[in-house]
Amino acid sequence: MSELQINTTQNVKISFNASGAGERLLAFIIDISIKIGYMLVLNWTFGAFDNMDQWSQIAINTVLSFPVIFYTLTLESFLQGQTIGKRLMKIRVVKIDGYQASFSDYVIRWFFRVVDIYIFGLGFFVMLFNKKTQRIGDMAAGTAVIGLKDTVNINHTILENLKEGYKPTYPNVIKLSDNDARIIKETFNSARISKDDKTLIKLRDKIIEVVGIKNVKQSTDIEFIDVILKDYNFYTQNM
C-alpha cells in the first residue's frame, strides 16, 4: 500500500494510504459476486415471466436489472464512498484534496466503469502503473481510493495529554474514527506551524460538518481543534 500525499492550497501535505490494486480487485470481486447472486435469485424467482411476449420480458428484465446497473453509484453515494466490497476491504473513495467526494464525482467514476472494467479490464492495468493507484474514472473525477486500516500505533500519533479531571466539551466527537483523528492532528500541526489560517478554517468547518456541532464554544480555530482532539482522546480512552 503506497502513501498518497495531498497538498492543500497552502502547500500543507496530508498523508493517506492509497489502496492497493489487489485490495480494489478483491472489493470488485465481492461486489460482482453480490450482483451475480442477485441475478441468479431473479432467474429462479421470476421464471414465470418466461411465457410473456418478448417486449414484456425485455421491459421487466430492464427494470429488475436496475439494482445491478446502479449498484456502485447508489452505494458509494449513500455509504460515503464505499460499496459492500469496499467496506469489507476497509477502503473508501475520497476526493484528491482529502474531502468527501460528491454525487457528481461518483457519477463520473460510475460512467467510466464502461472503459475501466468492461474494455479488457483497462482500469486495473492503469492502476498498476499509477502512483496513486487511480483508474481512469478516478483521474476524470479527481478521486482516489484510500485504505482505512490503521497501520500506525495510536499512542504515537493521536494521543493527547489530558489533565486530571478533564471535562470534555463535544460528546459527538465519537463519530470520528482513529484515522480521522490522525488526519486532523497531522493537518492541524502542519497548518499551525506554517501559520496556514485558510487550512485551519477548512479543517474547522469540516470537523463541524462531520461531527455535527451546533455551537462552537472556543474563540479561535486553534483552540477549537485542540479541544476536539482532547475530547476524542477522552472518550476513546474511557470507552
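Above this text sits the structure in question.
Residues numbered from 1 in each chain as written. Predicted model: local features only at pLDDT ≥ 70, side-chain atom pairs only at ≥ 80, totals over all residues. Heavy atoms only, no water.

(A) Molecular detail of the pattern of salt bridges. This structure, assessed with the given rule, holds 11 salt bridges. The salt bridge involving R109 is made with D138; its shortest N-O contact spans 2.7 Å. With R109 in helix α6 (residues 103–111) and D138 in helix α9 (residues 136–141), this residue pair connects regions lying 29 residues apart in the sequence. With respect to burial, R109 and D138 carry one shared label: buried. Salt bridges sharing partners connect three or more residues here, namely R24, E76, K86, R109 and D138. (Salt bridge = Lys/Arg side-chain N within 4 Å of Asp/Glu carboxyl O. Helix = DSSP H or I, 4+ residues; strand = E, 2+ residues; numbered from the N terminus. Buried < 20%, exposed > 50% of the residue type's maximum accessible area, 1.4 Å probe, protein only.)

(B) Broad picture of the side chain of R109. A relative accessible area of 1% means that R109 is categorised as buried. The residues touching R109, leaving out its near neighbours within four places in the chain, are R24, E76, V93, R135, G137, D138, A141, T143 and V145. (Contact = heavy atoms within 4.5 Å.)

(C) View of the pairing of strand β4 (residues 143–147). Of all 5 residues in β4, 5 are buried; the element is thus mostly enclosed. A two-sided burial pattern is seen for β4, the buried positions comprising T143, V145 and G147 on one face and A144 and I146 on the other. Of the pairings in the sheet, the one linking strand β3 (residues 91–95) to β4 comprises 5 bridges and is antiparallel in character. If you follow V94 over to β4, its bridge partner there is A144. (Pairing = 2+ DSSP bridges.)

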